[in-house]
Number of protein chains: 2
Amino acid sequence: MSGTSLTDNLNAAHAAPVEGPSVPVLMADLGRRARKAARRVALASPEEKNAALNAMAASIRAHAGTILAANAEDLAEARAKGQTPAFIDRLTLDSERLEGIAAAVESIAGLPDPVGRVLASFERPNGLLIERVATPLGVIGVIFESRPNVTADAGALCLKAGNAAILRTGSESFRTSQAIADAMGEGLRQAGLPADAVALVPTRDRAAVGAMLSGLEGNLDVIVPRGGKSLVARVQEEARVPVFAHLEGICHVFVHERADLDMARRIVLNAKMRRTGICGSAETLLVDRACAATHLKPLVSMLLDAGCAVRGDEAVQAVDPRVTPATEEDWRTEYLDAIISARVVDGLEEAVAHIEAFGSHHTDSIVTDDAAAAERFMAEVDSAVVLHNASTQFADGGEFGFGAEIGIATGRMHARGPVGVEQLTSFKYRVRGSGQTRP
Amino acid sequence: MSGTSLTDNLNAAHAAPVEGPSVPVLMADLGRRARKAARRVALASPEEKNAALNAMAASIRAHAGTILAANAEDLAEARAKGQTPAFIDRLTLDSERLEGIAAAVESIAGLPDPVGRVLASFERPNGLLIERVATPLGVIGVIFESRPNVTADAGALCLKAGNAAILRTGSESFRTSQAIADAMGEGLRQAGLPADAVALVPTRDRAAVGAMLSGLEGNLDVIVPRGGKSLVARVQEEARVPVFAHLEGICHVFVHERADLDMARRIVLNAKMRRTGICGSAETLLVDRACAATHLKPLVSMLLDAGCAVRGDEAVQAVDPRVTPATEEDWRTEYLDAIISARVVDGLEEAVAHIEAFGSHHTDSIVTDDAAAAERFMAEVDSAVVLHNASTQFADGGEFGFGAEIGIATGRMHARGPVGVEQLTSFKYRVRGSGQTRP
C-alpha cells in the first residue's frame, strides 16, 4: 500500500490517488479479505478468540512506543490545523490511556462468548430436534471520529462475537489508529487467527466511506457509525446495508402526579447534569399538572441553581424568573449541554403523546409511586429503553452489564438499545433428524 | 377513492391518475394511517387481537358472495389476457378455498401471543431490574403476486404480532384481495380495532410499489416480498427499509461417506421430488468420493427413474447414461423443477466449500451416521437452516411449529429462516428502579 499517494488527498471527496490501487479497488479487496477472515473467526473456539484478544492487548502494550509516536504525529498535525483543545484532548494518548485501551481489550476477553448460545430449542411431533443457535453476523463496518480507543474497542467487540471488523477512523487519528490496528493484527497472528479480522481502512480518502456505504460488493453486513449527528445522518441516508445507530437522544423525564419529590429531584438532576454530552442525558422535563403546584418550582429552581438553563412553557416560566420561553423547536432539540426544555402536561396520556411527537425513541423515564402508571408508561412509550424511577443516564451497555457496547441503536430491527456482543450475532436453525422426510 | 381513475393505468409505470389524489399522495396518506393504526394495535391485548382475528374470519365467511363475485371478475380479466392454466388455478377461489382462508385466520388467533414475552431479564448490582421485552415491529409492507390467500394470511400474521400491514397484491387479484381486505376491515372494526391495521394498497398503479420501497416517509418499517425472483431482486435492490426475503433456495443434500444408503435414498428423493417448486427443494446433490462406489449409482438411478433429470460431473455421468453434463452454471441454478445437479466431492471440506461458493444460505442437509461430521457440517455451513439426516423440504414455518410463516429469510439481520409471528416482533428494554442515579 502506497501510503503517501492515498493520504495526500485528505480533502478530495472522490479523487483517485496518483499511484497505487484506486480507492474502489482497494476497498473491494479489503472487503474480500475481511469476508475470508470472517469465515475463519466465525468458527474459532471461545478459547482461540480469548487468546487472540489477550495477545492483542499484550501487543498493544508491547508497541506502546510506536503507538505513542504515531499519536504525537497526529497531534502535531491536529494542532497545526488549529483543532480545539477539547478535540486535542480526545485525540491524545499517554501511557495511562494506552494501558486503559489494552485493559479494555482484555476485559472483552472476559465476557461470556455470545456465539453458539442455544436461543430456543424444540422437538417436533415427527422427532425433529430444532435449535436456534447464535452465529456471528459476518463483517461489521465501524465508521468513527478521531478517538483512538474506538479502534481497539470496536475491533475487540466484533472479534469476540466471531465477526471481522472493517474500521474507518477519523482522518486526524489515522496514524494512531493504524499503529493500534497493526499491533492488534500482530496479536491475531500470534494466536493463529487472520490479521484481516480487524482491518483498518488503509487510506484517509473519503471515497472509502462511500465504498463502505455501498456494502463492499456484498462483503459488509452491517455498519455502525459512531460520531456526531451529521455522520450518523449521512450513514443512515446512504447506506445500502443495515445500520445500528441512533441519530440523537432526545430523552425525557416525566414527573408523574404521584412522584416522590425527593426522588424526582435526584433523578432529574442526574439525568440532566451528570454528563450533559452523552446521548442518554435528559433534554426535556415533563411535569404532571396534578403535582405542578408542589413539584414544579423545586425541580426548576434546582436545575437553574445547578447551572442548567431552563426553557419552559408559560407554567414553567411562571415559577422562576430565570426561565426563558421555549419554542416548539426546543422540544425537538438535543442540546448535549446544560440546557433543558420543560413543560407541564395533563397527565400520563399527554406525556406519552409529547414523547411520541418529539422524542427520538431512545430513552425515557417516569418518576412515580404509582406502579400501574409506570407500567402504562413503559408499555406505551415506544423507545429502546424505558425506565421507572431511574435516571436516563443508565442507557449504556456497561450499566446494562453488557461489559461494553459498540453503540446504542434506536431502530426496531435486530439490535435496539445498547449494542453489546450479543447484538453482534445472528442465528441459524440447526435441525437434527433420524431420516425424516416431509409427507 | 376513485377506483376507475387509478386502476385504468395498469401498465403505466409512473403515470399520474386522471383524477383523485396522485399515487405518492395516496401512499403517504396510507402510511400515516397505518402508523396510527399500528400504535393502537401495538397496545391491544392478546384477547382483543384474537377477537379481531376471529371476527375477521367470520366476516370473510359472511362476505363469501361478494368475495367470490370479485374473484369471478378477476378471473374473467385474467382469462381474457390469456394467463396460463396454472396461473388461473392459483387465482381461483371457490367456497372450499375461501373456507380454508377463513380457517387459517382463525388458526393464527390460536397461536401464542408473541408480544410482551420477556426475552431476557437480569438484576444489576445497583438493584435495577432490566427486562428485554418483545414489542411489535410497527408497520409491515407485504408485496405479493396474485394469490388471494396471502391477503388474509399476511394481514392476520402481522396483526397477531401487534403490527399494521400494508398489503400490495398482484394486479390480477386486485378485486379479490380488495374484497377480502374489506371483509377483514369490517372484522377489525367489530372488534374495536382500526380497519387501517390491515390496509390493501388501493390502486393497481405500479408507482405504489416505488412508494413502498422508499419507506412511505418513515411509516414503513420492513418489507416482505413474496413472489418470483425478479420481484424479490427488485425489492432487495431498491428498498430503503429492511427486507425479509430470500432471493432463491439453492439447497444441497450432502451424502457423507458414512451415510446409510437407504436413508440417503429416502432423503434425497423427498428433498428433490416431494414438491419441486418450493424454495426448500434440493437443487444439488453432493456425494462423498469415499462412498461414491456404493452410493452414487443407486441415488442417481433412483432420481432418473423417478422422472428427475440429472446433470452431473464426469463421475456422475459415468454411472448412468441418462445423466447429462453439468456446467458451472448448473451449480448456481435454482431449477424449481424435476432437475438436479450432482457431483462427487472430496469429503466434508469440499462439500462445505461447494455450498459456500454456490449456495444461497437457505437450507442444506447432510446425511451421515457420523455425529462429529454432522456437527461440523452444521457449524460450518452458513445457511439459515442446516439439517442432519432430514429432508431440506422441512424448511417451512409450519413444519417448524411456527403455525404459519410470512416467508423465509436468508439475510443475517433480525429474521432468518422461516419468518413467523415471533420474527415479526422487535423488543425494548424495560428498567425498573427505586430512585437509582448513575454515579
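This one's a predicted model, so the numbers in the text were calculated from it and none came from an experiment.

What counts, and at which threshold
- Residues numbered from 1 in each chain as written.
- Chains lettered and ligands numbered in written order.
- Predicted model: local features only at pLDDT ≥ 70, side-chain atom pairs only at ≥ 80, totals over all residues.
- Heavy atoms only, no water.
- Least-squares fit on C-alpha atoms with pLDDT ≥ 70 in both.
- Contact = heavy atoms within 4.5 Å.
- Axes fitted to C-alpha atoms, helices over the stretch in contact; angles between N-to-C directions.
- Helix = DSSP H or I, 4+ residues; strand = E, 2+ residues; numbered from the N terminus.
- Parallel < 35°, antiparallel > 145°, perpendicular 65-115°, else oblique.
- Left-handed = near helix turned anticlockwise from the far one by under 90°.
- Nonpolar A, V, L, I, M, F, W, Y, C, P; charged D, E, K, R; others polar.
- Buried < 20%, exposed > 50% of the residue type's maximum accessible area, 1.4 Å probe, protein only.
- Phe/Tyr/Trp six-rings, centres within 6.5 Å; stacked < 30°, edge-to-face > 60°.
- Salt bridge = Lys/Arg side-chain N within 4 Å of Asp/Glu carboxyl O.
- Polar contact = N/O pair within 3.5 Å; in protein donor to acceptor, adjacent residues only side chain to side chain.
- UniProt positions renumbered as here; feature names shortened; annotations may be inferred.
- Pairing = 2+ DSSP bridges.
- Right-handed = clockwise from strand over helix to strand, strands pointing away.
- Expected span 1.5 Å × (residues − 1).
- Disulfide = S-S within 2.5 Å.
- pLDDT = per-residue confidence, 0-100.

Concerning the relation of the copies chain B and chain A
At step 1: The two copies are related by a screw operation: chain B maps onto chain A through 180° of rotation and 0.0 Å of translation along the axis, at an RMSD of 0.0 Å. These values place the two chain copies in the arrangement generated by a two-fold rotation axis. Relative to the rotation axis, the C-alpha of B:His414 is the closest in chain B, positioned 2.1 Å from it.
At step 2: Most of the interface of chain B is mirrored in chain A: 100% of its interface residues are interface residues there too.

Topic: the packing of helix 6 (residues 95-109) of chain A against helix 7 (residues 148-160) of chain A
Residue and element names in this part refer to chain A.
At step 1: Two elements in contact, helix 6 and helix 7, have axes separated by 9 Å at closest approach and are oriented at 15°. By the angle between their directions, the pair helix 6 and helix 7 is classed as roughly parallel. By crossing handedness, the relation of helix 6 to helix 7 is classed as right-handed. Along its contact with helix 6, which presents Ile-101, Ala-104, Val-105, Ile-108 and Ala-109, the element helix 7 presents Pro-148, Asn-149, Ala-152, Asp-153, Ala-156, Leu-157 and Lys-160.
At step 2: Tallied by class, the residues present in the contact of helix 6 with helix 7 amount to nine nonpolar, one polar and two charged.

Some details on unusual backbone geometry
Residues and elements named next belong to chain B.
At step 1: The residue Leu-336 is not glycine, and still its phi comes out positive at about 50°.
At step 2: The phi dihedral of His-414 falls on the positive side, at around 70°, and the residue is not glycine.
At step 3: Within the element layout of this structure, His-414 appears in the loop between strand 14 (407-409) and strand 15 (417-419).
At step 4: Overall, the relative accessible area of 13% leaves His-414 in the buried class.

Things to note about the packing of aromatic side chains
At step 1: Taken as a whole and assessed by the stated rule, the structure comprises 12 aromatic pairs over all chains.
At step 2: Arranged with centres 5.1 Å apart and planes meeting at 90°, the rings of A:Phe400 and B:Tyr429 form a pair that is edge-to-face. With A:Phe400 in the loop between strand 13 (385-390) and strand 14 (407-409) and B:Tyr429 in strand 16 (residues 425-436), this residue pair bridges two chains.
At step 3: Relative accessible area serves as the criterion here: at 0%, B:Tyr429 is assigned to the buried category.

Structural notes on the interface of chain B and chain A
At step 1: With 74 residues of chain B at the contact, the number on the chain A side is 74 residues.
At step 2: Between chain B and chain A we count 12 salt bridges in total.
At step 3: With a shortest N-O distance of 2.9 Å, A:Glu356 and B:Arg39 are connected by a salt bridge.
At step 4: For the pair chain B and chain A, the number of links is 52 residue pairs in polar contact (both at pLDDT 80 or more).
At step 5: Those elements that place two or more of their residues in the side of chain B that touches chain A are helix 2 (23-42), strand 2 (129-136), helix 10 (229-238), helix 11 (261-273), helix 16 (371-380), strand 13 (385-390), strand 15 and strand 16 of chain B.
At step 6: For the side of chain B that touches chain A, the element with the most residues is strand 16 of chain B, which contributes 11 residues.

Section: the UniProt feature "domain: Aldehyde dehydrogenase" (unreviewed entry) in chain A
At step 1: Here the UniProt feature "domain: Aldehyde dehydrogenase" (unreviewed entry) sits at residues 32-301 of chain A.
At step 2: Between the end C-alpha atoms of residues 32-301 of chain A the distance is 58 Å, and the span holds 52% helix and 17% strand.

Section: the sheet that holds strand 3 (residues 139-144) of chain B
Two strands in a sheet stick together by hydrogen bonds in their backbones, pointing the same way (parallel) or opposite ways (antiparallel).
Residues and elements named next belong to chain B.
At step 1: Taken in spatial order, the four strands line up as 5-4-3-6 in an open sheet, and their pairing is parallel. Edge strands, defined here as strands with exactly one partner in the open sheet, are strand 5 (198-200) and strand 6 (222-226). In this sheet, adjacent strand axes meet at a mean angle of 20° when their direction is disregarded.
At step 2: Here five bridges tie strand 3 to strand 4 (residues 164-168), and the two strands are oriented parallel to one another. Residue pairing in the sheet places Ile-140 in a bridge with Ala-165 of strand 4.

So, the pairing of strand 13 of chain A
At step 1: Across the six residues of strand 13 of chain A, six count as buried, placing the element largely inside the fold.
At step 2: Taken together, the four bridges between strand 12 (residues 363-367) of chain A and strand 13 of chain A define a ladder with parallel strand orientation. Residue A:Ile366 lies in a different strand from strand 13 of chain A, and its bridge partner there is A:His388.
At step 3: In the classification by handedness, the crossover that spans strand 12 of chain A, the intervening helix 16 (residues 371-380) of chain A and the parallel strand 13 of chain A is right-handed.
At step 4: As paired strands, strand 13 of chain A and strand 16 of chain B are joined by five bridges and run parallel to one another.

What about helix 7 (residues 148-160) of chain B?
Within an α-helix, residues lying three or four positions from one another point in the same direction, as the helix has 3.6 residues per turn.
Residues and elements named next belong to chain B.
At step 1: With 13 residues, helix 7 extends 19 Å between its outermost C-alpha atoms, agreeing within 8% with the 18 Å of an ideal straight helix rising 1.5 Å per residue.
At step 2: Most of helix 7 is tucked away: 11 of the 13 residues are buried.
At step 3: Within helix 7, the full set of buried residues consists of Pro-148, Val-150, Thr-151, Ala-152, Ala-154, Gly-155, Ala-156, Leu-157, Cys-158, Leu-159 and Lys-160.
At step 4: One or two residues past the end of helix 7 sits Gly-162, with phi positive at roughly 80°.

Quick notes on the side chain of A:Ser341
All names here are of chain A.
At step 1: If you trace the backbone, Ser-341 turns up in strand 11 (residues 339-345).
At step 2: Given a relative accessible area of 0%, Ser-341 falls into the buried group.
At step 3: Within the structure, Ser-341 has its side chain in polar contact with the side chain of Thr-284 (distance 2.7 Å).
At step 4: Those residues within four positions of Ser-341 in sequence are excluded, and the remaining contacts are Glu-283, Thr-284, Leu-285, Arg-311, Asp-330, Trp-331 and Tyr-335.

Section: the state of the cysteines
Here is the idea: a disulfide is a covalent bond, and it sits between the sulfur atoms of two cysteines.
At step 1: For the structure shown, the criterion picks out zero disulfides over all chains.
At step 2: Not part of a disulfide, B:Cys308 finds its nearest cysteine sulfur in B:Cys251, a span of 14 Å.

A word on the pattern of salt bridges
At step 1: The tally for this structure, following the rule as stated, stands at 76 salt bridges over all chains.
At step 2: Notably, a salt bridge pairs A:Glu283 with A:Lys272, separated by 2.9 Å at the nearest N-O pair. Of this pair, A:Glu283 sits in strand 8 (residues 282-288) while A:Lys272 is found in helix 11 (residues 261-273), placing the two residues 11 residues apart along the sequence.
At step 3: Given the relative accessible area of 0%, A:Glu283 is considered buried.
At step 4: When its relative accessible area of 0% is taken as the criterion, A:Lys272 is described as buried.
At step 5: Between B:Glu380 and B:Arg376 there is a salt bridge, and its shortest N-O distance comes to 2.9 Å. Note that B:Glu380 and B:Arg376 are positioned in helix 16 at a spacing of four residues, about one turn of the helix.

Things to note about the sheet that holds strand 1 (residues 118-123) of chain B
At step 1: Spatially, 10 strands are ordered 10(A)-9(A)-11(A)-8(A)-7(A)-12(A)-13(A)-16(B)-2(B)-1(B) in an open sheet, and the strand pairing comes out mixed. Edge strands, defined here as strands with exactly one partner in the open sheet, are strand 10 (324-325) of chain A together with strand 1 of chain B.
At step 2: Of the pairings in the sheet, the one linking strand 2 of chain B to strand 16 of chain B comprises eight bridges and is antiparallel in character. Within the sheet, the bridge partner assigned to B:Glu131 lies in strand 16 of chain B and is B:Arg430.

Re the confidence of the model for chain A
At step 1: Of all residues in chain A, 96% attain a pLDDT of 70 or more, and the chain-wide mean is 94.
At step 2: Counting contacts from residues 1-17 of chain A, a segment whose pLDDT is below 50, to residues more than four positions away or on other chains yields 36 contacts.

Considerations on the packing of helix 11 of chain B against helix 12 (residues 289-305) of chain B
Residues and elements named next belong to chain B.
At step 1: Viewed as axis vectors pointing N to C, helix 11 and helix 12 meet at an angle of 35°, and their least axial separation amounts to 10 Å. In this structure, helix 11 meets helix 12 at a crossing whose hand is right-handed. Residues Leu-261, Ala-264, Arg-265, Val-268, Leu-269, Lys-272 and Met-273 of helix 11 lie in contact with helix 12, whose contacting residues are Thr-294, His-295, Pro-298, Leu-299, Met-302 and Leu-303.
At step 2: Classifying every residue of the contact of helix 11 with helix 12 gives nine nonpolar, two polar and two charged.

As for helix 2 (residues 23-42) of chain A
At step 1: Here helix 2 of chain A contains 20 residues, and its C-alpha end-to-end distance of 28 Å stays within 8% of the 28 Å for a straight helix at 1.5 Å per residue.
At step 2: Those residues of helix 2 of chain A that sit buried are A:Val23, A:Leu26, A:Met27, A:Ala28, A:Leu30, A:Gly31, A:Ala34, A:Arg35, A:Ala37, A:Ala38 and A:Val41.

What to know about the environment of B:His295
Residues and elements named next belong to chain B.
At step 1: Summarising the element assignment, His-295 is placed in helix 12.
At step 2: Assessed through its relative accessible area of 8%, His-295 is described here as buried.
At step 3: Sequence separation of His-295 and His-256 is 39 residues, and the distance between their C-alpha atoms is 9.7 Å.
At step 4: Residues in contact with His-295, not counting those within four places in the same chain, are Val-255, Ala-259, Asp-260 and Leu-261.
At step 5: Side-chain polar atoms of His-295 contact the side chain of Thr-294, separated by 2.7 Å.

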